[in-house]
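Here are the chains, one letter per residue:
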Amino acid sequence: MSFTLGTTSMSPPIALAPMAGITDRPFRDLVRSFGAGLMVSEMVASQEMVQAKPGVRERAELSADVENTAVQLAGRDEYWISEAAKHVAGQGARIIDINMGCPAKKVTNGYSGSALLKTPDHALRLIEAVVGAVDVPVTLKTRLGWDDNCLNAPDVGRRACDAGVQMITIHGRTRCQFYKGSADWKAIRGVKDAVTVPLLANGDIVDTATARRALELSGADGVMIGRGAEGKPWLLAQVAHELWGTPAPEIPEGDALILMVSEHYKAMLEFYGQDLGVRVARKHLGWYMDEAGTGPAMRRAVLTQKDPAEVLALLPEALSAQDAEAAA
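Note that the structure is predicted; figures quoted are calculated from it, not measured.

Colleague: Account for the packing of helix α12 (residues 274-292) against helix α13 (residues 296-304), with residues named and values stated.
Modeller: Where α12 meets α13, the axes come as close as 10 Å, and the angle between the chain directions of the two elements is 160°. Here α13 runs roughly antiparallel to α12, going by the angle between their axes. For the pair α12 and α13, the crossing hand works out as right-handed. Here Arg282, Leu285, Gly286, Met289 and Asp290 of α12 come into contact with α13, specifically with Arg299, Val302, Leu303 and Thr304. Looking at the contact of α12 with α13 residue by residue, the class counts come to 4 nonpolar, 2 polar and 3 charged.

Here's what the structure looks like:
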């Protein structure tokens, strides 16, 4: 199962979800190295992008010219979002994704993200502005609706298709659910039935079993995985192998795992600079240690250490721990 968006082949039809502060350039590069159909950049606020607000372009590090990468834009104003689209297309973006799914209050209070589900006519004008501004494929990521009384994703999706959107991703929750409860994959089928473009199911997909079930219930053409990949950058490739028979990833263990995590850590330091990189890296190191079963004392030592050289020196023991402290 695969499809094409412009020059990008969605093969396998599995994507890494955009997650603020997580799916930065170093992590996307690592996930890509194992294999996935599409990477999506962290959400970028359109006006800040165009006006070059300090840190926005650097934080996003859009990978615009990298294969199988989409740049995700958020906005509430037709002018700014179309200008941002032109900017990233000029930087080589292969795909531009419009965010209509972010539930964060700082986004929805600005009438962008999932708040646009409350004003579908305005949302459509934003979509039309982006489609009209660029020649590359435009995609859309959204939710089932604002709340249980506003489940309008099928209508929004249909109108988005008519406006020229070439793929839609649906997170199987409303905005008011945030990330609580369970994603309703069955409800996504209503959107799939309403649209004429490929659709990805998103939400609570953390392994092959949940991906398979999401596909069965939603009728989607593929899946998007977010939090499930934390600490497991090979997960997308593993799911693709087990569902669609793509080459199996070599899941790192022992020295290979220590090397991968160390290189990821060094890539974050290079990307963010040492002071910020040490702080940003802690959540990733925490997820890796969750997977490794690292004991609490060693975990605390790694996550409180400020000297990168000391962190790197601790990683071999931390990632080989398998809860060695508890066993002792």
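Back to the write-up after that little detour.
Colleague: Give me the nonpolar core: which residues, what numbers.
Modeller: One finds Met100 and Leu140 to be the most contacted residues of the largest nonpolar core, which totals 57 residues. Sequence-distant contacts of Met100, defined by excluding residues within four places in its chain, comprise Gly113, Ser114, Leu116, Leu117, Ala123, Ile127, Leu140, Lys141, Thr142, Arg143 and Val156. Of all hydrophobic cores here, the second largest spans 25 residues; its members include Met268, Ala281, Met298 and Leu315.

Colleague: Any details on unusual backbone geometry? Residues and values, ideally.
Modeller: Note that the residue after Ser11, namely Pro12, is joined by a cis bond; omega there is 0°. By secondary structure assignment, the location of Pro12 is in the loop between β2 (8-10) and β3 (14-16). Its identity as a non-glycine residue notwithstanding, Asn68 has a phi of 55°, on the positive side. Structurally, the position occupied by Asn68 is in the loop between α3 (56-60) and β6 (69-74). With phi around 60°, Asp204 is a residue other than glycine that occupies positive phi space. Judged by relative accessible area, which is 27%, Asp204 ranks as partly exposed.

Colleague: Describe the packing of helix α8 (residues 185-194) against helix α9 (residues 208-218), and please don't skip the residues or the numbers.
Modeller: Each packed pair of helices is defined by two parameters, the angle between the axes and the distance between the axes. Viewed as axis vectors pointing N to C, α8 and α9 meet at an angle of 45°, and their least axial separation amounts to 7 Å. On the basis of their axis angle, the class for α8 and α9 is oblique. Relative to α9, the crossing made by α8 is right-handed. On the side of α8, the interface is formed by Trp185, Lys186, Ile188, Arg189 and Lys192, while α9 contributes Thr210, Arg213, Ala214, Glu216, Leu217 and Ser218.

Cut-offs used in this document
Residues numbered from 1 in each chain as written. Predicted model: local features only at pLDDT ≥ 70, side-chain atom pairs only at ≥ 80, totals over all residues. Heavy atoms only, no water. Axes fitted to C-alpha atoms, helices over the stretch in contact; angles between N-to-C directions. Helix = DSSP H or I, 4+ residues; strand = E, 2+ residues; numbered from the N terminus. Parallel < 35°, antiparallel > 145°, perpendicular 65-115°, else oblique. Left-handed = near helix turned anticlockwise from the far one by under 90°. Contact = heavy atoms within 4.5 Å. Nonpolar A, V, L, I, M, F, W, Y, C, P; charged D, E, K, R; others polar. Core = buried A, V, L, I, M, F, W, Y, C linked by side-chain atoms within 4.5 Å. Buried < 20%, exposed > 50% of the residue type's maximum accessible area, 1.4 Å probe, protein only.

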